[in-house]
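Reading the structure
The primary structure of each chain is shown beneath.
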Amino acid sequence: MTTTDLPPSLLATLPGSAYTDPAVFALEQAKIFEADWFCAVRSADLAGPGSFETVQVGKESVLVSRGRDGKLNAFLNVCRHRGARLCTSESGTVKRAFQCPYHAWTYGLDGKLIAAPNLTGMPDVDRTEFGLTKVHLREWLGYAWVCLADEPPPFDGSVVAAVTERLGGAEAIEAYGVDGLALGKRIEYDVKANWKQIIENFMECYHCATIHPELTEVLPEFADGYAAQYYVGHGAEFGGDVRGFTIDGSEGVDRLPGVTEDQDRKYYAITIRPQVFVNLVPDHVILHRMFPLAPDRTLVRCDWLYLPGVVESGRDLSRSVELFHRVNLQDFEACERCQLAMDSRSYVNGGVLVPSEHHIGEFHDWVRGRLGL
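Residues numbered from 1 in each chain as written. Predicted model: local features only at pLDDT ≥ 70, side-chain atom pairs only at ≥ 80, totals over all residues. Heavy atoms only, no water.

By the naming in an unreviewed UniProt entry, the chain is Phenylpropionate dioxygenase and related ring-hydroxylating dioxygenases, taken from Amycolatopsis camponoti. Checking UniProt for the chain, the heading Cofactor (unreviewed entry) contains the comment "Fe cation". (UniProt positions renumbered as here; feature names shortened; annotations may be inferred.)

Given below as C-alpha cells:
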C-alpha cells in the first residue's frame, strides 16, 4: 500500500531513512540546528565572570561564557590562529582570559584577541577582527539561547511564538516566572535514538495508557490517547484524588505565586522547535534540552525548577522528580525501540499516524520544508 492509498484515518510518517541517513542528519545540522535559536545553557549555571560551558550546536562547538560586565557571550569554540579547539572541558572557570593550548593565542572574556607570542611584532593584526567568532545570544526563561545564522530568525516570532501559539497567549507562561526559579534537579539521558523520535513521542499521548501508568494516574485524561498539545490552550487536569504532580499523587511543594486559579491542578506541555520541551505544573517547571549528536544518538538534559526558597530549604523533591524521571525513562526506551527498526525494509516508506497523532504530520512537513525535501 502506498501513502496515497491510505484511509483518511491515517497519515504517512517520514521514511525510515530520515532517522538513520547521515546525509539527512548533516542537512538537519546545517539547516535546522545551526539556523534556528538553540537553547544552550541555563544562565544561572554561569555564576560569575569567566565561568563557561561548551555545547554542541549542529556541527559546531559553542563556548558560552560570562564576561567581566556580567553579561553572557557566545563564541565558536575555535582558535582563530590554526583552528585548535579552544576549550575542551564541558564547563569551568577561567580567571581573566581563554588561552589556546597550542600556540597560546589568548582571548579576553569579550572574545577580543589580547595576547599571542610575538604579537607586538605584528602591528597590522587587528585584535578585534582576529578575535573569537561571535554567536548571537538571547536570554529567556532563565536560559541562554544561541543562533549560528548570520541573520537569525526573529526571537519573538519563532521561540516566543511557539509558546504563545500553544498556550493561547504570552501571559500564560509569564505566570510561572520561569526565569526566577532555581534548579532543584538535573538528570542527563544519553538516548540511542534520533532526535525526531523524541519530539514525536513528546507530542502525542497515544502511547500513554500503554507505557505511562504513573502519569495516567495523575492525569487520567491521558489514558484516552489525546495529548495536551493536541489542543491550543488546553491543560490536562489532575485526577480528582490527586494532590500534586508527584509519583504517588501526594502533595507537592509550594505553588508558584503567579499561577492562576485556571492553571492550578493542570499540566501544560510545549514543544519549542527544534530541541526544547517545557512542562508546566502548579509548583514547578520541567525543561528538556536536546543535543542531537548523531543520527541515532541524542543527549537530553532535563531540569526540574522550583521556587528558590523551596530549593534552599532542602525540601524533599524526590517524589516530584521521580514522576517525570520515570516518564523520561519510559519514553526514551520506546524511542530506542523504534530506532532499532528504522533501517528495516518493513519501514522503508515509513509508518502511519492515527487521528490523535495527526498533529505530528505538521512537524514532519516542517522538517521537510526546512530541509528542502
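Having seen it, we continue.
Moving on to empty space enclosed by the protein. For the structure shown, the criterion picks out 2 cavities of 30 Å³ or more. When its volume is computed, the largest cavity comes out at roughly 150 Å³. In terms of lining residues, the largest cavity is bounded by 17 residues, among which F202, E204, L215, F222 and Y267 are the most central. Among the elements of the structure, α4 (195–203), β14 (266–272) and α8 (318–339) are those that each provide at least two residues to the lining of the largest cavity. Here the lining of the largest cavity takes 3 residues from α8, the largest share from any one element. Here the residues of the lining of the largest cavity are counted per class, giving 11 nonpolar, 4 polar and 2 charged. As a volume, the second largest cavity reaches approximately 60 Å³. If you trace the second largest cavity, you find it lined by I198, N201, F202, F277, H288, F324, N328, D331, F332 and C335. (1 Å grid on protein atoms, 1.4 Å probe; cavity = no way out; pocket = protein on both sides within 12 Å on 5 of 7 lines; lining within 4 Å. Points joined across faces, edges and corners; volume = space filled by probe spheres on them. Helix = DSSP H or I, 4+ residues; strand = E, 2+ residues; numbered from the N terminus. Nonpolar A, V, L, I, M, F, W, Y, C, P; charged D, E, K, R; others polar.)

Further remarks concern the pairing of strand β2 (residues 38–42). Counting buried positions along β2 yields 5 of 5 residues, so the element is predominantly enclosed. Pairing of β2 with strand β11 (residues 143–147) involves 4 bridges; the strand directions are antiparallel. Within β11, the position partnered with V41 by the bridge is A144. (Buried < 20%, exposed > 50% of the residue type's maximum accessible area, 1.4 Å probe, protein only. Pairing = 2+ DSSP bridges.)

One open sheet holds the 6 strands; their spatial order is β12-β17-β16-β15-β14-β13, and the pairing between them is antiparallel. Both edges of this open sheet fall to β12 (182–191) and β13 (236–237), since each of them pairs with a single strand only. In terms of strand pairing, β12 meets strand β17 (residues 297–306) through 9 bridges, oriented antiparallel. Along β17, the bridge assignment pairs A182 with Y306.

Take the domain arrangement of the chain next. Parsing the chain into structural domains produces domain 1 (39–152) and domain 2 (173–371). Using C-alpha coordinates to define each centre, domain 1 is positioned 32 Å away from domain 2. On the domain 2 side, the residues contacting the 13 residues of domain 1 number 17 residues. Summed over both sides, the interface of domain 1 with domain 2 buries roughly 1200 Å², with 58% coming from carbon and sulfur. On the domain 1 side of the interface with domain 2, the three residues burying the most area are R42, L141 and Y143, jointly 44% of the side's total. For the interface between domain 1 and domain 2, the tally reads 2 salt bridges. Residue E90 pairs with R301 through a salt bridge whose shortest N-O separation is 3.9 Å. At the boundary of domain 1 with domain 2, the tally comes to 5 residue pairs in polar contact (both at pLDDT 80 or more). (Domains from an automatic or database assignment. Contact = heavy atoms within 4.5 Å. Buried area = accessible area lost by both parts, 1.4 Å probe. Salt bridge = Lys/Arg side-chain N within 4 Å of Asp/Glu carboxyl O. Polar contact = N/O pair within 3.5 Å; in protein donor to acceptor, adjacent residues only side chain to side chain.)

Another aspect to go through is the nonpolar core. Counting 67 residues, the largest nonpolar core has V146, W195, L219, F245, Y267 and W304 as its most contacted members. For this core, the element with the most residues is α8, which contributes 6 residues. Each of domain 1 (39–152) and domain 2 (173–371) contributes no fewer than three residues to this core. Ignoring sequence-local partners within four residues, the contact set of L219 consists of A236, E237, F238, F245 and Y267. (Core = buried A, V, L, I, M, F, W, Y, C linked by side-chain atoms within 4.5 Å.)

Turning our eyes to something else, we now look at the sheet that holds strand β5 (residues 72–76). Taking strand neighbours across the sheet as the criterion, the 4 strands line up as β5-β4-β3-β6 in an open arrangement whose pairing is antiparallel. Either end of the sheet is taken by a strand with one partner, and the two such strands are β5 and β6 (91–93). On average, each strand axis in the sheet is tilted by 25° relative to the strand beside it, whichever way the strands run. (Axes fitted to C-alpha atoms, helices over the stretch in contact; angles between N-to-C directions.)

Following R273, the chain continues into P274 via a peptide bond in cis, with omega recorded as 10°. Residue A104 is not a glycine yet carries a positive backbone phi of 65°. Following the sequence through the fold, A104 ends up in the loop between β7 (97–99) and β8 (106–108). A positive phi angle, close to 60°, is found at L141, a residue other than glycine.

To continue, consider the UniProt feature "domain: Rieske" (unreviewed entry) in the chain. When the UniProt feature table is mapped onto this chain numbering, "domain: Rieske" (unreviewed entry) sits at residues 37–146. In residues 37–146, helix accounts for 0% and strand for 41%; the two terminal C-alpha atoms are 5 Å from one another.

Let us now look at the state of the cysteines. A covalent bond between the sulfur atoms of two cysteines is what we call a disulfide. Inspection of the entire model under this criterion finds 1 disulfide. You can see C87 has no disulfide; the closest cysteine sulfur is in C100, sitting 9.6 Å from it. Free cysteine C147: the closest other cysteine sulfur is in C39, separated by 13 Å. (Disulfide = S-S within 2.5 Å.)

Here the structure, examined in full by the defined rule, presents 17 salt bridges. A salt bridge links D303 to R289; the nearest nitrogen and oxygen atoms lie 3.4 Å apart. With D303 in strand β17 and R289 in strand β16 (residues 284–294), this pair connects stretches of sequence that are 14 residues apart. Owing to a relative accessible area of 1%, R289 belongs among the buried residues under this scheme.

To continue, consider the environment of I270. Its location among the elements puts I270 in strand β14. Look at I270 and you get buried, because its relative accessible area is 0%. Spatially, the C-alpha atom of I270 lies 8.5 Å from that of L280, the residues being 10 residues apart in sequence. Excluding its chain neighbours within four sequence positions, the residues that come into contact with I270 are A162, V163, R166, L167, I173, F202, Q229, V276, F277, V278 and L280.

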